[in-house]
Amino acid sequence: MDIVKSPSELQKIVERIRPTKRIGFVPTMGALHKGHISLIESARRETEFVIVSIFVNPLQFGPSEDFDEYPRPYEKDIEIAEGLGVDILFSPDVKDIYPIKQTVFVSLPELENLLCGAKREGHFRGVLTVVAKLFNITKPHFAYFGQKDYQQALIIKRMVEELNFDIAIKVLPTVREEDGLAVSSRNLYLSDEERKRACVLYSALKKAEDLILNQRGVSEAIDSAKRMIEKNGLSVEYFAICDPETLRPIDRFQDRALIAVAAKMDATRLIDNILVNYEL
Ligand code: AMP
């Protein structure tokens, strides 16, 4: 496995590779876990040349968020990527990605200020901008994302479609711990005891799904799920039942829904979601 830090060096390498091999790209912020591994394994199965990036992108963190504290177990990540047969680990420094002040941004106002974007101003603009840059640097045929970050996957798909990126976006199911907790790098912030209580997020999503599938009202389902979560000591940022394409709240369940939650366990912000009768 080669480790590359320079965008222009990587662009030269992929230029040589592209004519004969399909390139699969998995963008991450590192602290690699089972969720990332499932994306990398799919890329390995489906393409001949796998690039994984590790870049904690300052543009998508708010001033009071955890950019500095975000876990960076770099040596362990290298070992994991190597073990999975990754061809190139792209791990640029901030100055490699932003050598000058970034003044051009990609934005999707219709979707970026809902759900997670409502409290994280500028977050999705930061995500879209860095992903566009990473796509231009790695020039993949396929790029892999997790349903765990549903809103992110949705807006990236829209960006690719509307800006004519010649890339197929693959969205893979959320990998969970045995008790249902979605695997996340931020779970590392939780104590053992908090970690146990955190699985209520998934139970609450399933409970809400059960209620709406049984013809109970959407607001009843939301209230019931919120109560479950709060009983376990988390504070709910949002619990939403919405349309999976527009992300607008639905009043009544008809045929499809996204059920999504963000909640804080002490200072740790956790997100999760499930889809009902819909696939991205
Ligand atoms: P991150 O390093 O958190 O930016 O995540 C990198 C990619 O891994 C994103 O596409 C995430 O949606 C995906 N991912 C994170 N956690 C999971 C999980 N538990 N299951 C599946 N994909 C995940």
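Up top you'll find the structure we're talking about.
Below is a summary of the structure that appears in this document. Quick caveat: nothing in here was measured; it's all calculated off a predicted structure.

### Quick look at the packing of aromatic side chains
- Taken as a whole and judged by the stated rule, the model has six aromatic pairs.
- Seen in terms of ring centroids, Phe25 and Phe135 are 6.3 Å apart; in terms of plane orientation they differ by 75 degrees. Their pairing is edge-to-face. Of this pair, Phe25 sits in strand β2 (residues 23-28) while Phe135 sits in helix α7 (residues 123-138); the two residues are 110 residues apart in sequence, bridging distant segments of the chain.
- On the basis of an interplanar angle of 70 degrees and a centroid distance of 5.5 Å, the ring pair of Phe61 and Phe67 is categorised as edge-to-face.
- Here a set of aromatic residues connected by ring pairs shows up, and it is made of Phe25, Phe135, Phe145 and Phe165.
- Arg72 extends its terminal NZ or CZ atom over the ring of Phe67, reaching a point 4.9 Å from the ring centre.
- Across from the ring centre of Phe105, 3.8 Å away, lies the NZ or CZ of Arg125, which sits over that ring.

### Side note on the pattern of salt bridges
- Summed over all chains, the structure comprises 19 salt bridges.
- Here Glu48 and Arg22 are joined by a salt bridge, their closest N and O atoms 2.6 Å apart. Of the two residues, Glu48 sits in the loop between α2 (34-46) and β3 (49-54) while Arg22 sits in the loop between α1 (7-17) and β2, which places them 26 residues apart along the sequence.
- A residue is classified by how much of its surface remains accessible, and Glu48, at 34% relative accessible area, is partly exposed.
- You can call Arg22 partly exposed: its relative accessible area is 38%.

### Notes on the sheet that holds strand β8 (residues 257-265)
- In spatial order, the strands read β7-β8-β9; together these three strands make up an open sheet with antiparallel pairing. Taken across any chain shown, the strands that pair with only one partner, and hence form the sheet edges, are β7 (235-242) and β9 (268-276). Averaged over neighbouring strand pairs, the angle between their axes works out to 10 degrees when direction is ignored.
- Here nine bridges tie β8 to β9, and the two strands are oriented antiparallel to one another. Its bridge partner being in β9, Val261 is matched across the sheet by Asp272.
- Docked against the sheet, helix α11 (residues 218-231) engages β7 and β8, running at close to 155 degrees with respect to β7.

### Quick notes on the environment of Met159
- Here Met159 shows up in helix α8 (residues 150-162).
- Distance in space between the C-alpha atoms of Met159 and Val106 is 8.2 Å, their sequence separation being 53 residues.
- Setting aside its immediate chain neighbours within four residues, Met159 contacts Val106, Leu128, Val131, Ala132, Phe135, Asn164 and Phe165.

### As for the packing of α1 against α7
- Packing of α1 against α7 leaves a shortest axis separation of 7 Å and a crossing angle of 50 degrees. On the basis of the axis angle, α1 is oblique to α7. Along the contact surface, α1 presents Pro7, Leu10, Gln11 and Val14, while α7 presents Asn136, Ile137 and Thr138.
- In terms of residue class, the contact of α1 with α7 is made up of four nonpolar, three polar and no charged.

### Observations regarding the nonpolar core
- Core analysis: the largest hydrophobic core is formed by 52 residues, its most contacted members being Ile51, Phe135, Ile156 and Ile169.
- A per-element tally of this core places α7 first, with nine residues.
- If we skip the residues at most four places from it in the chain, Ile169 touches Phe135, Ala143, Phe145, Ile156, Lys157 and Val160.
- Ranked by size, the runner-up nonpolar core spans 30 residues in total, among them Leu205, Val218, Ile229 and Ala263.

### Let's talk about the site of the ligand
- Around the ligand lies a shell of 17 residues, among which Met29, His36, Asp149, Val175 and Val183 are the nearest.
- The backbone of Met29 places a nitrogen or oxygen atom 2.9 Å from an oxygen atom of the ligand.
- Contacts to the ligand include Gly146, whose backbone N or O atom sits 3.0 Å from an oxygen atom.
- Across the complex, the protein chains shield 93% of the 480 Å² of accessible surface that the ligand would expose by itself.
- Sorting the residues of the shell around the ligand by element identifies β2, α2 and β5 (142-146) as the ones contributing at least two each.

Rules and cut-offs
- Residues numbered from 1 in each chain as written.
- Predicted model: local features only at pLDDT ≥ 70, side-chain atom pairs only at ≥ 80, totals over all residues.
- Heavy atoms only, no water.
- Phe/Tyr/Trp six-rings, centres within 6.5 Å; stacked < 30°, edge-to-face > 60°.
- Helix = DSSP H or I, 4+ residues; strand = E, 2+ residues; numbered from the N terminus.
- Lys NZ or Arg CZ within 6 Å of the ring centre and 35° of its normal.
- Salt bridge = Lys/Arg side-chain N within 4 Å of Asp/Glu carboxyl O.
- Buried < 20%, exposed > 50% of the residue type's maximum accessible area, 1.4 Å probe, protein only.
- Pairing = 2+ DSSP bridges.
- Axes fitted to C-alpha atoms, helices over the stretch in contact; angles between N-to-C directions.
- Contact = heavy atoms within 4.5 Å.
- Parallel < 35°, antiparallel > 145°, perpendicular 65-115°, else oblique.
- Nonpolar A, V, L, I, M, F, W, Y, C, P; charged D, E, K, R; others polar.
- Core = buried A, V, L, I, M, F, W, Y, C linked by side-chain atoms within 4.5 Å.
- Near = heavy atom within 4 Å.
- Polar contact = N/O pair within 3.5 Å; in protein donor to acceptor, adjacent residues only side chain to side chain.
- Areas by Shrake-Rupley, 256 points an atom, 1.4 Å probe, with all protein chains shown as cover.

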